[in-house]
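Now for the letters of each chain:
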Amino acid sequence: MKTYQTEFMELALEHDVLKFGQFTLKSGRVSPYFFNLGKISTGSALARLADAYAEALVASGIGFDMLFGPAYKGIPLVAAVAVALSRRGMDLPFAYNRKEAKAHGEGGTMVGAPPRGRVVIVDDVLTAGTALRESYHMLVAAGAEPVAAITALDRQEVGPSGRSAVAEAASELKLAILSLVTVREVLEFLGKSGGDAETIQAIENYQAQYGA
């Protein structure tokens, strides 16, 4: 695993972003783990998270001109990642959207820099891909070119179509979809760091049943 991945996993466990037990997902599946990036709720934790995103984007080698954060969780995230990238010599514009159009002032649903050039969509997770598709079409309509999306975790689960949500969205939208870690890398980290054997086995069993 890369350094930023290890540091992200340490952060996730420290702040209960990643929890273990039995959790019923929206799909109805009972998962042995649950991921909630909303647990990152202090300045120092957000800075560490943004550093991981920035490192992943730099390591990807993908060229991009600006960042976009979907409402709501993507808003503080995209701002923090923009700051983290600026500290690495990449001072890029960013934008985000409102859930409801503003009827007064400047109006509209977009806030921040006008969407232009190659855009990376920054968000917490990709479940069904609905928010990603909305962001993609919003950016295209504004005249920008979405080239990639980045999230914190890829659960690597099959959906109703037999493919993962990531694979479906990547194929449909012609986007590179990055993640800080995949569930396989979570398992690798837990194995190397002395994680609970029963928890590891439960995740292995879940992936054997539902993994892409």
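Residues numbered from 1 in each chain as written. Predicted model: local features only at pLDDT ≥ 70, side-chain atom pairs only at ≥ 80, totals over all residues. Heavy atoms only, no water.

As annotated in an unreviewed UniProt entry, the chain carries the name Orotate phosphoribosyltransferase and is attributed to Banduia mediterranea. Among the UniProt annotations of the chain, the heading Catalytic activity (unreviewed entry) holds the following wording: "orotidine 5'-phosphate + diphosphate = orotate + 5-phospho-alpha-D-ribose 1-diphosphate". (UniProt positions renumbered as here; feature names shortened; annotations may be inferred.)

Visitor: Would you take a moment to explain the side chain of Glu157 for this structure?
Guide: Examined against the element boundaries, Glu157 turns out to sit in the loop between β7 (145-154) and α5 (165-173). Glu157 gets classed as buried once you look at its relative accessible area, which sits at 12%. Only 2.6 Å separates the side chain of Glu157 from the side chain of Arg155, close enough to count as a polar contact. Those residues in contact with Glu157 that lie beyond four places of it in its chain are Leu25, Arg29, Tyr33, Arg163, Ser164, Ala165, Tyr206, Gln207, Tyr210, Gly211 and Ala212. (Helix = DSSP H or I, 4+ residues; strand = E, 2+ residues; numbered from the N terminus. Buried < 20%, exposed > 50% of the residue type's maximum accessible area, 1.4 Å probe, protein only. Polar contact = N/O pair within 3.5 Å; in protein donor to acceptor, adjacent residues only side chain to side chain. Contact = heavy atoms within 4.5 Å.)

Visitor: Please explain the pairing of strand β3 (residues 66-69) as it appears in this structure.
Guide: Regular strands have side chains that alternate between both faces of the sheet. Every second residue of β3 is oriented toward a common face, with Met66 and Phe68 on one face and Leu67 and Gly69 on the other, all of them buried. Where β3 and strand β6 (residues 118-122) come together, three bridges link them in parallel fashion. In the sheet register, Met66 faces β6, and the bridge partner there is Val119. (Pairing = 2+ DSSP bridges.)

Visitor: Looking at this structure, I do not really get the layout of surface pockets. What am I missing?
Guide: Unfilled space is identified by rolling a water-sized probe across the atoms. Its boundaries defined by the atoms lining it, the largest pocket holds a volume of some 1,300 Å³. Every residue lining the largest pocket is counted, 46 residues in all, and those nearest its centre are Val125, Leu126, Thr127, Ala128 and Gly129. Among the elements that take part in the lining of the largest pocket, helix α4 (residues 130-141) stands out by supplying six residues, more than any other. In terms of residue class, the lining of the largest pocket is made up of 22 nonpolar, 12 polar and 12 charged. (1 Å grid on protein atoms, 1.4 Å probe; cavity = no way out; pocket = protein on both sides within 12 Å on 5 of 7 lines; lining within 4 Å. Points joined across faces, edges and corners; volume = space filled by probe spheres on them. Nonpolar A, V, L, I, M, F, W, Y, C, P; charged D, E, K, R; others polar.)

Visitor: What is the right way to read the pattern of salt bridges from this model?
Guide: Any two side chains of opposite charge can pair, on the condition that their charged atoms come close. Throughout the structure, instances matching the rule amount to 10 salt bridges. Among the salt bridges present, the one from Lys73 reaches Asp124, with a minimum N-O distance of 3.7 Å. Linking Lys73 in the loop between β3 and α3 (74-86) with Asp124 in the loop between β6 and α4, this pair joins segments that are 51 residues apart in sequence. Judged by relative accessible area, which is 42%, Lys73 ranks as partly exposed. Here Asp124 falls in the buried class, since its relative accessible area comes to 10%. The closest approach of N and O atoms between Arg133 and Glu172, which form a salt bridge, is 2.9 Å. A residue pair is termed long-range when its members are at least 10 positions apart, and Arg133 in helix α4 and Glu172 in helix α5 qualify at 39 residues. Because the salt bridges share partners, they merge into one network encompassing Arg29, Arg155 and Glu157. (Salt bridge = Lys/Arg side-chain N within 4 Å of Asp/Glu carboxyl O.)

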